[in-house]
Structures are given as C-alpha cells and as structure tokens.
Amino acid sequence: MQKNNNEKMFTQACKLTNLADHLRLVEMPLDYVALNRDNKDNGAVHYFLNEELDSVQNNIINIQNQIQEISDVLTDIYNEEDELQKSTEYEKKKNTSLFESLEVENDDVR
C-alpha cells in the first residue's frame, strides 16, 4: 500500500510541475499586454482584450480545476493512510487483548 501511495503522490507532484509550466505559458500574453500598455500601444491592448483574454481566463480556470483534482487525490491518499494506520493500531490492540486474555486463562488453568 505504501509503495502504491508513494507512486500516486509522485504522479501528482509531476502534474503540479506540469501545471506550473503551463501557468508560465499563460502568463506570457499577460506580460506582453502589460508591456504594450506601458508603451501606450492601445491597439495591442484592445486586441488582447477582444481576442485573447477569454483564452487566458479559460486556461486559468482549467489550471484551477486541475489543482483541485490533485488536491482531492492527495486528500484521498492521506485519508487512506490514516485509515490504514488506525486499522493497524486497532489490530495491535486487539491482538494484545487476545494475548492478555490467553495469559489469564493459562493462569487459571495452573
């Protein structure tokens, strides 16, 4: 289980790295339009607002959704680990109680 969860976490980390790269690409048109705005190139700014802004917004929403999916997977992994740990602790306590009850029975027999 631990190895499988480690692989899942590594996969999610890779996805986050890819999203960071994607975010840098989304940032490029924003940098370009900011530069055009600073240079008083209103034509380029209007072009961006009319033709590219929707695409940038859609990319940002897509990235947000993917980050949420990664968060959900990591939360599931955490919960699986927590449940496994609780189950293991329960089994240890159960086995200890069983062992203690067997010792009491053996003492009664003597």
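Given the structure is predicted, the values throughout are model-derived calculations rather than measurements.

How would you explain the nonpolar core if you had to name every residue and give the values?
A general trend in soluble globular proteins is that nonpolar side chains are found buried together. Residues Leu-19, Val-26, Val-33, Val-45, Phe-48, Val-56, Ile-63 and Ile-70 constitute the largest nonpolar core, which totals eight residues. Of all the secondary-structure elements, those providing two or more residues to this core are α1 (2-38) and α2 (42-109). Sorting elements by how many residues they give to this core places α2 first, with five residues. Once you skip the residues sitting within four places of it in the chain, Leu-19 turns out to touch Ile-63, Gln-66, Ile-67 and Ile-70.

Can you break down the environment of Val-33 residue by residue, with the values?
Summarising the element assignment, Val-33 is placed in helix α1. Placed twelve residues apart in sequence, Val-33 and Val-45 show a C-alpha to C-alpha distance of 5.7 Å. Dropping the residues within four chain positions of it, Val-33 is found in contact with Ala-44, Val-45 and Phe-48.

I'd like to hear about the side chain of Asn-36, residue by residue, with values.
Topologically, Asn-36 is positioned in helix α1. Once you skip the residues sitting within four places of it in the chain, Asn-36 turns out to touch Asp-41, Ala-44 and Val-45.

Criteria and cut-off values
Residues numbered from 1 in each chain as written. Predicted model: local features only at pLDDT ≥ 70, side-chain atom pairs only at ≥ 80, totals over all residues. Heavy atoms only, no water. Core = buried A, V, L, I, M, F, W, Y, C linked by side-chain atoms within 4.5 Å. Buried < 20%, exposed > 50% of the residue type's maximum accessible area, 1.4 Å probe, protein only. Helix = DSSP H or I, 4+ residues; strand = E, 2+ residues; numbered from the N terminus. Contact = heavy atoms within 4.5 Å.

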